[in-house]
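So you can see what is in the structure, the chains are spelled out below.
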Amino acid sequence: MAIPEYKNWRISVFERDKYICQICGRSGLILNADHIQAFALILEEYGIDNVEKARICSKLWDITNGRTLCVPCHRKTRNYGIKVKTKI
């Protein structure tokens, strides 16, 4: 189950981008809210190792670090699938 901050961030990114992929310009596809600077890298940079620290990290929930992408375009991004070992 996603934390409320993530759900709110995701919806805010989609609404700002009018549910349109910011790379190919298509709509009506399955969409992802993509962290431009990878979520995993932000966790590592700020030493976030639990949910409570994640919840208060404004960098994670800054919609200017997000964009709406369709799944095919998201898979082509350089940070797609980056993972950092955390307790989150």
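It should be noted that the structure appears before, not after, this text.
Caption draft 1: Here's a closer look at the pattern of salt bridges. Enumeration according to the criterion identifies four salt bridges in this entry. Linking Glu5 and Arg55 is a salt bridge whose minimum nitrogen-to-oxygen distance equals 3.0 Å. A residue pair is termed long-range when its members are at least 10 positions apart, and Glu5 in helix 1 (residues 4-16) and Arg55 in helix 3 (residues 51-56) qualify at 50 residues. Here Arg55 falls in the partly exposed class, since its relative accessible area comes to 31%.

Caption draft 2: Just the packing of aromatic side chains, in detail. The tally for this structure, following the rule as stated, stands at three aromatic pairs. Aromatic pair Tyr6 and Trp9: ring centres 5.9 Å apart, planes at 35°, arrangement tilted. With Tyr6 and Trp9 both in helix 1 and three residues apart, the pair spans about one turn of that helix. Overall, Trp9 belongs to the buried group, its relative accessible area being 1%.

Caption draft 3: Representation of the environment of Ser58 in the model. Residue placement: Ser58 occurs in the loop between helix 3 and strand 2 (66-70). With a relative accessible area of 58%, Ser58 lands in the exposed category. With 53 residues separating them along the chain, Ser58 and Glu5 place their C-alpha atoms 9.8 Å apart.

Cut-offs and rules
- All chains use their own residue numbering, which begins from 1 and follows the written sequence.
- With pLDDT at 70 or above as the cut-off, local features in this predicted model cover only qualifying residues; side-chain atom pairs require 80 or more to be listed or tallied, and sums for whole chains, interfaces and linings still use all residues.
- In computing side-chain properties, one takes all heavy atoms of the structure into account and sets aside hydrogens as well as water.
- Each salt bridge in this description consists of a side-chain nitrogen of Lys or Arg and a carboxyl oxygen of Asp or Glu lying within 4 Å of one another.
- The way it works is that DSSP assigns letters per residue, a run of H or I at least four long becomes a helix, a run of E at least two long becomes a strand, and they are numbered from the N terminus.
- For each residue, the accessible area found with a 1.4 Å probe, counting protein chains only, is set against the maximum for its type, and the residue is called buried under 20%, exposed over 50%, and partly exposed in between.
- What counts as a ring pair is set by centres within 6.5 Å for rings of Phe, Tyr and Trp (its six-membered ring), and what kind of pair is set by the plane angle: stacked under 30 degrees, edge-to-face over 60, tilted for all other angles.

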